[in-house]
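# Reading the structure
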2 protein chains.
Amino acid sequence: MKNSGKKKLSTEPYKGVRDFYPEDMFIQNYIANTMREVVEKYGYAEYSSSILEPAELYEGKTSEEIVNEQTYTFTDRGDRRVTLRPEMTPSVARLVAARKRELAFPLRWYSVPNVFRYERPQRGRLREHWQLNCDIFGVAGIEAEIEIISLAANIMRALGAKDTEYEIRINNRKSLNKLLNEFSVSEEQKKEFLRLLDKRDKIENFDEKAKDILGSEISLDFDIDAETKNIIEELKARNVKNVVFSPTLVRGFDYYTGTVFEVFDLAPGNNRSLFGGGRYDNLLDIFGMENIPAVGFGMGDVTIKDFLETHALLPEYAPNTDLYIATVGPEHIADAQELADKLREQGINVAVNMLDKKIGDQIKTAAKQAIPFLIAVGEDEAKTKNYIIKNLNSGKEIKTKEEEIADKIWSENV
Amino acid sequence: MKNSGKKKLSTEPYKGVRDFYPEDMFIQNYIANTMREVVEKYGYAEYSSSILEPAELYEGKTSEEIVNEQTYTFTDRGDRRVTLRPEMTPSVARLVAARKRELAFPLRWYSVPNVFRYERPQRGRLREHWQLNCDIFGVAGIEAEIEIISLAANIMRALGAKDTEYEIRINNRKSLNKLLNEFSVSEEQKKEFLRLLDKRDKIENFDEKAKDILGSEISLDFDIDAETKNIIEELKARNVKNVVFSPTLVRGFDYYTGTVFEVFDLAPGNNRSLFGGGRYDNLLDIFGMENIPAVGFGMGDVTIKDFLETHALLPEYAPNTDLYIATVGPEHIADAQELADKLREQGINVAVNMLDKKIGDQIKTAAKQAIPFLIAVGEDEAKTKNYIIKNLNSGKEIKTKEEEIADKIWSENV
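Below or above, wherever it landed, is the structure these notes cover. Because the structure is a prediction, the values reported are computed rather than measured.

### Some thoughts on the overall build of chain A
If you tally the helices and strands in chain A, you get 13 helices and 17 strands. Against the globule reference of 22 Å for 414 residues, chain A gives a C-alpha radius of gyration of 27 Å, more extended than a compact globule. Principal-axis analysis of the C-alpha atoms places the extent of chain A at approximately 90 × 60 × 50 Å. When each of the 414 residues of chain A is scored for burial, the buried share is 58%.

### Focus: the interface of chain B and chain A
The figure often quoted for interface size is the accessible area lost as the parts come together. Listed by partner, the interface residues are 104 residues for chain B and 104 residues for chain A. When chain B packs against chain A, the two sides together hide about 8,800 Å² of surface, and 56% of this comes from carbon and sulfur. Put simply, chain B and chain A have six salt bridges between them. One salt bridge in this structure joins Asp19 of chain B and Arg94 of chain A, with 2.8 Å as the shortest N-O distance. The interface formed by chain B and chain A contains 41 residue pairs in polar contact (both at pLDDT 80 or more). For the side of chain B that touches chain A, the residue count by class is 46 nonpolar, 24 polar and 34 charged.

### Points about the sheet that holds strand β13 (residues 323–327) of chain B
All names here are of chain B. Taken together, five strands build an open sheet; the order of strands is β14-β13-β15-β16-β17 and the sheet is mixed. At either end of the open sheet lies a strand with only one pairing partner, and these are β14 (350–352) and β17 (397–401). Shown here is a sheet whose adjacent strand axes are inclined to one another by a mean of 30°, direction ignored. Judged from the three bridges that link them, β13 and β14 form a sheet pairing that is parallel. The residue of β14 that forms the bridge with Ile325 is Val352.

### Description of a negative patch on the surface
On the surface, Asp207, Glu208, Asp212 and Glu217 of chain A cluster together into a negatively charged patch. Glu217 of chain A sits in the exposed class, given a relative accessible area of 63%.

### Some thoughts on the sheet that holds strand β4 (residues 81–84) of chain B
Residues and elements named next belong to chain B. Strand order in the open sheet made by the three strands is β2-β4-β3, with antiparallel pairing throughout. Whereas interior strands pair on both sides, the edge strands pair on one side only; in this sheet they are β2 (52–54) and β3 (72–75). For this sheet, the mean angle separating the axes of adjacent strands, direction not counted, is 35°. Pairing analysis gives four bridges linking β3 to β4, with the strands arranged antiparallel. Bridge pairing in β4 places Thr73 opposite Thr83.

### Observations concerning unusual backbone geometry
Along the chain, Phe105 of chain A connects to Pro106 of chain A via a cis peptide bond; the corresponding omega equals 0°. Its place among the elements puts Pro106 of chain A in the loop between α3 (89–98) and β5 (107–111). A positive phi angle, near 70°, is found at Asn239 of chain A, a position not held by glycine. Turning to its location among the elements, Asn239 of chain A is positioned in the loop between α8 (226–237) and β9 (243–245). The exposure class of Asn239 of chain A is partly exposed, given its relative accessible area of 44%. Positive phi is not limited to glycine here, since Asp79 of chain B has a value of about 70°.

### Focus on the relation of the copies chain B and chain A
Superposing chain B onto chain A requires a rotation of 180° together with a translation of 0.0 Å along the rotation axis, leaving an RMSD of 0.0 Å. Such values leave the two copies arranged in the relation of a two-fold axis. Closest to the rotation axis within chain B is the C-alpha of Phe74 of chain B, separated from it by 3.3 Å. A shared interface surface links the copies, since 100% of the contact residues of chain B are contact residues in chain A too.

### Quick word on the packing of helix α6 (residues 187–198) of chain B against helix α7 (residues 206–214) of chain B
Helix-helix packing is described using two parameters, namely the angle between the two axes and the distance between the axes. Residue and element names in this part refer to chain B. At a minimum axis distance of 9 Å, the contact between α6 and α7 shows a crossing angle of 170°. Taken together, the axes of α6 and α7 lie roughly antiparallel to each other. From α6, Gln189, Glu192, Phe193, Leu196 and Leu197 reach across to α7, where they touch Phe206, Lys209, Ala210, Ile213 and Leu214. Residues that form the contact of α6 with α7 fall into these classes: seven nonpolar, one polar and two charged.

### Let's talk about α6 of chain B
The terminal C-alpha atoms of α6 of chain B lie 17 Å apart, and with twelve residues this matches the ideal 16 Å at 1.5 Å per residue to within 8%. Those residues of α6 of chain B not exposed but buried are Lys190, Phe193, Leu194, Arg195, Leu196 and Leu197 of chain B.

### Quick notes on the environment of Leu57 of chain A
By the element assignment, Leu57 of chain A lies in the loop between β2 (52–54) and α2 (64–70). What makes Leu57 of chain A buried here is its relative accessible area of 3%. Put simply, Leu57 of chain A and Pro90 of chain A are 33 residues apart on the chain and 6.6 Å apart in space, counted from C-alpha to C-alpha. The residues touching Leu57 of chain A, leaving out its near neighbours within four places in the chain, are Pro90, Ser91, Arg94, Ile286 and Phe287 of chain A together with Leu9 of chain B.

### So, α7 of chain B
Residues and elements named next belong to chain B. Every buried residue of α7 is accounted for by Phe206, Ala210, Ile213 and Leu214. What you see down the axis of α7 is that its buried residues fit within an arc of 85°, all on one side. Exposed and oriented more than 90 degrees from the buried face of α7 are Glu208 and Asp212. Tucked inside the fold, the buried residues of α7 contact α5 (173–180) and α6. Following α7 by one or two positions, Gly215 adopts a phi angle in the positive range, close to 90°.

The rules behind each value
- Residues numbered from 1 in each chain as written.
- Chains lettered and ligands numbered in written order.
- Predicted model: local features only at pLDDT ≥ 70, side-chain atom pairs only at ≥ 80, totals over all residues.
- Heavy atoms only, no water.
- Helix = DSSP H or I, 4+ residues; strand = E, 2+ residues; numbered from the N terminus.
- Rg over C-alpha atoms; globule rule 2.2 N^0.38 Å.
- Buried < 20%, exposed > 50% of the residue type's maximum accessible area, 1.4 Å probe, protein only.
- Contact = heavy atoms within 4.5 Å.
- Buried area = accessible area lost by both parts, 1.4 Å probe.
- Salt bridge = Lys/Arg side-chain N within 4 Å of Asp/Glu carboxyl O.
- Polar contact = N/O pair within 3.5 Å; in protein donor to acceptor, adjacent residues only side chain to side chain.
- Nonpolar A, V, L, I, M, F, W, Y, C, P; charged D, E, K, R; others polar.
- Pairing = 2+ DSSP bridges.
- Axes fitted to C-alpha atoms, helices over the stretch in contact; angles between N-to-C directions.
- Patch = residues over 30% accessible without salt bridge, like charges linked within 9 Å, V, L, I, M, F, W, Y side chains within 5 Å.
- Areas by Shrake-Rupley, 256 points an atom, 1.4 Å probe, with all protein chains shown as cover.
- Lys, Arg positive; Asp, Glu negative; His and termini not counted.
- Charge placed at Lys NZ, Arg CZ, Asp CG, Glu CD.
- Least-squares fit on C-alpha atoms with pLDDT ≥ 70 in both.
- Parallel < 35°, antiparallel > 145°, perpendicular 65-115°, else oblique.
- Expected span 1.5 Å × (residues − 1).
- Arc of directions from axis to C-beta.

What follows is the structure, given as structure tokens:
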């Protein structure tokens, strides 16, 4: 294995993760930037942390299935147990706990971290994905839920989704807990039931398995609680009208303490949960601290990209490079560079040919990279400083002076 | 360990990695965005990949010290050996190799990945850092070196560095190889010598150790080669004048085949290498493919941040939130939200109070979060739609109509 060239390496990425070529990166950036723009409108500030976390951070608070079967946990060369974060909430709780006294509340924070789960790769589920995490800390009242859910709805709108294409399902863990208190079962059995309920749509014999855990049958068509009712009404007043009460909604994490919500795709071909979140008022106690109320959600890139594909909402690739400068012969590369430097100073993004290739091949290179404009530099151009800008999309050409190139490209007047 | 609340968890991050609070994230974004802006000026397109890579990718090509002692390598639950990438070059080579036929050359790519090394954390060296990687593929001539090095210099300028504050050292591996060919030693011994030379400034008894490897003494004051001479001249013609020939420069990676360069901080208190790169024309052969010439560099956030601190070039924190809306009483939160939504539509980023706190405390919250403007909403404001915008930096206040708030904030005319 030591020497190269002997054994051919595969060019495949590690199983269940993705490579992002410029066309893929464009979509990633489009999704992340749209998210950022909306959350910043609501006054959320960006934070971040490392993907490496002490393994203890997840033990006991994230769902048991995730910790036992789905984390990437290993021992480092210094005998520390390390986990690649499977989600961001424990990390953000750690950051808040560490500076609780200095921070000013309400605290609005967001991040777009990558998170890791060891699972069988399938549609909508990969081993690594990026996820907007958006949280408000320090608000015990339903104003927090209203802001967080309307923010989520406004990201969907900013991505081009119509309100009729998805719905926001909402429930309250307190109602589920109240219902479970009627059964004489342990706290662990209650958690087990909630995790079963979370997977209800994916498993068979739900009723039977529920009975096994709780000892008798359970009816889940309870009435809406006052808190959820208020949240739905207030959201409607703030123009978020596709919200429905969903008594079977639970969400996977053990740490939710109140409201839980989920954004659900209504498209026949993609009928499933897109993302969700909820209230977690007790997460700081793992650090031995007085709690801070918190509401947040995580919105993953893989499911959102599938949603955008399903609803034909993905934008077409456009690189950030505006102009390709081709050269009639290699002797004009220096002239091309000089022109490029001048245009860069005016804010145009310019790539320059560096190879001894035919003009036709250079145009093909620019077109393949989807660069919209091209100028060829030869003896005439170098002498007269007059150039022809070619629009590679329309094929249209216009003649222009050097000092007008930037304006023409800015205004796309070619 | 299972139950929470029993054992207190630490709020510290994993050893040698960083948490990024909004103030830290602001600096990270400032550095990364400045890098992006410059590389995109030169027509580089962004790509990315996962931090998880098959372990074989690094065996034999990255430096031996890094692979044997400094990688994070573990076995996943499916018995695959996985490495957290210690650098980006093998990954980008993998991406290029996988689509070699479809890609158009010259290919200009960049990425800002995080990379991982298990080492003792110290100034300028952490276990995780972010690194601009910028590469041009498909150009065998020195035009590639000239573009890459002038691009690196222009990032330094965009970050505010003066040309006198750093120098660009340049050498050619071919000269070193030619020199080593005069010694009858194995290829492995040559590599060992180059790695020793790379650490010359940090170790004692370099001469003695070099003699141990090569069998006899070596003199390193050889003349500049024609290629390096041309590169330096061309760079000077393109206004990059702080370039010097450095016959002892080698750079750590085994895969360099020609030019190597390094940006070196000249500040007395921070006298050290900031970042570097070089030409690596053979990296595709690990995939059993015909090679593509390549030149690139990696520029890390930790050393750059230290440089900016040393030279007093770090910008002051300014959040993306423009306005905080305070409420005279909790009964005005709904009015505040309504105003906030209107202003958001006009492009203003607004955070709204949600707590029953005194106005003075709300102003403190806004000031602590460094939000520049504040409006308080009470009965009068809700009725008259006239508001007072307070500039929290200057203390200045102006009275304004609802429809003029956005303009006043945009123009910072408060």
